[in-house]
Amino acid sequence: MALLTILRYPDPKLHTVAKPVAALDARISALIADMLETMYDASGIGLAATQIDVHERLVVIDTSEDRDQPLVLINPEITWVGDERVKGEEGCLSVPGIYDGVERATQVKVKAMDAKGQVRTIEAEGLLAVCIQHELDHLMGKVFVEYLSPLKRNRIKTKLIKALRDEEDD
Ligand code: NI
């Protein structure tokens, strides 16, 4: 297993649209293990393959308190979205240190293959529902800051570019 490098906003590679995973083979299984390790190491609740520069429809999630309930979604598709919306604070491992409000559906159903190759439909609500929507956005090349105003987004861009430069200078 290995820790993977997480792309940081505004890296243009984060806007790549992912292709379906062709087969659950040894390469994908190894990638799942590495993505889970990377997500837990970074204390994140979700990681999309897009964020580690692999442009295939694969997401790992764990919203459990004890960090012991990994959820693997291969070729996920949202099949149903509830009517209720709620605005909640979101962050992202690709946008470190930035949190802001995003409106999301409170309930969704997602159909996906799991790490064993079983296709399942998951009914999600609350934090898990929000996390699924956030991660599936990544697969479409969308980062949560794109829901914010252009003014806020530009401030975030400037701040993150400066932070990256400061790190490189060290
Ligand atoms: Ni994210």
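Preceding this section is the structure that the text describes.
All values derive from a computational prediction rather than experimental measurement.

Cut-offs applied
- Residues numbered from 1 in each chain as written.
- Predicted model: local features only at pLDDT ≥ 70, side-chain atom pairs only at ≥ 80, totals over all residues.
- Heavy atoms only, no water.
- 1 Å grid on protein atoms, 1.4 Å probe; cavity = no way out; pocket = protein on both sides within 12 Å on 5 of 7 lines; lining within 4 Å.
- Points joined across faces, edges and corners; volume = space filled by probe spheres on them.
- Helix = DSSP H or I, 4+ residues; strand = E, 2+ residues; numbered from the N terminus.
- Nonpolar A, V, L, I, M, F, W, Y, C, P; charged D, E, K, R; others polar.
- Core = buried A, V, L, I, M, F, W, Y, C linked by side-chain atoms within 4.5 Å.
- Buried < 20%, exposed > 50% of the residue type's maximum accessible area, 1.4 Å probe, protein only.
- Contact = heavy atoms within 4.5 Å.
- Expected span 1.5 Å × (residues − 1).
- Arc of directions from axis to C-beta.
- Pairing = 2+ DSSP bridges.
- Axes fitted to C-alpha atoms, helices over the stretch in contact; angles between N-to-C directions.
- Donors = N, O, S within 2.8 Å, 3.2 Å for Na, K, Ca; no water.

(A) Main features of the layout of surface pockets. In this structure, the largest pocket encloses a volume near 390 Å³. In terms of lining residues, the largest pocket is bounded by 26 residues, among which I45, E90, G91, C92 and H134 are the most central. Counting residues per element, the ones that place at least two in the lining of the largest pocket are β4 (85–90), β5 (100–105) and α2 (126–139). Among the elements that take part in the lining of the largest pocket, α2 stands out by supplying six residues, more than any other. The residue inventory of the lining of the largest pocket, partitioned by class, reads 13 nonpolar, nine polar and four charged.

(B) Molecular detail of the nonpolar core. By size, the foremost hydrophobic cluster in this structure holds 17 residues, and its most contacted members are V59, I61, L73, V108 and I132. Those elements that place two or more of their residues in this core are β2 (58–61), β3 (71–81), β6 (107–113), β7 (119–125) and α2. Take this core: its biggest share by element is five residues, from α2. Not counting residues within four places of it along the chain, the set of residues in contact with I132 comprises I61, L73, I78, V108, V110 and A124. Grouped together as the second largest cluster of nonpolar side chains are 16 residues, V21, M35, A49 and L58 included.

(C) Local environment of helix α3 (residues 150–169). With 20 residues, α3 should reach 28 Å at 1.5 Å per residue; the first-to-last C-alpha distance of 29 Å fits that figure. Taken together, the buried positions of α3 are occupied by R153, I156 and L160. Buried residues in α3, looked at end-on, bunch into an arc of 60°, giving them a common side. The outward face of α3, more than 90 degrees from its buried face, is lined by the exposed residues P150, L151, R155, T158, K159, R165 and D169.

(D) Structural view of the sheet that holds β2. Within the open sheet, the five strands sit side by side as β1-β2-β3-β6-β7. Their pairing is antiparallel. Two strands close off the open sheet at either side, each with one partner strand: β1 (46–48) and β7. Averaged over all pairs of adjacent strands, the angle between their axes in this sheet comes to 40°, without regard to strand direction. Two strands pair when backbone bridges link them, and β1 and β2 are joined in this way by three bridges, in the antiparallel orientation. Counterpart to A48 in the pairing with β2 is V59. Across the sheet, helix α1 (residues 26–41) is in contact with β1, β2 and β3; its angle to β2 comes to roughly 40°.

(E) Just the coordination of the nickel ion, in detail. Binding of the nickel ion to the protein goes through C92 (SG), H134 (NE2) and H138 (NE2), at separations of 2.1 to 2.2 Å. Mapped onto the sequence, the donors of the nickel ion take the spacing C-x41-H-x3-H. Of this pair, C92 sits in the loop between β4 and β5 while H134 sits in helix α2, placing them 42 residues apart in sequence. You'll find C92 and H134 in the same group, each marked buried.

(F) Spotlight on the pairing of β6. With burial as the criterion, only one face of β6 is covered, namely that bearing V108, V110 and A112; the residues Q107, K109, K111 and M113 on the opposite face remain uncovered. Pairing of β3 with β6, which is carried by five bridges, proceeds in the antiparallel orientation. Bridge assignment links W80 to a residue of β6, and that residue is K109. Sheet topology places β6 next to β7; seven bridges connect them, and they run antiparallel. Within β7, the position partnered with V110 by the bridge is I122. Between the antiparallel neighbours β6 and β7 lie five residues, among them G117 with a positive phi of about 90°.

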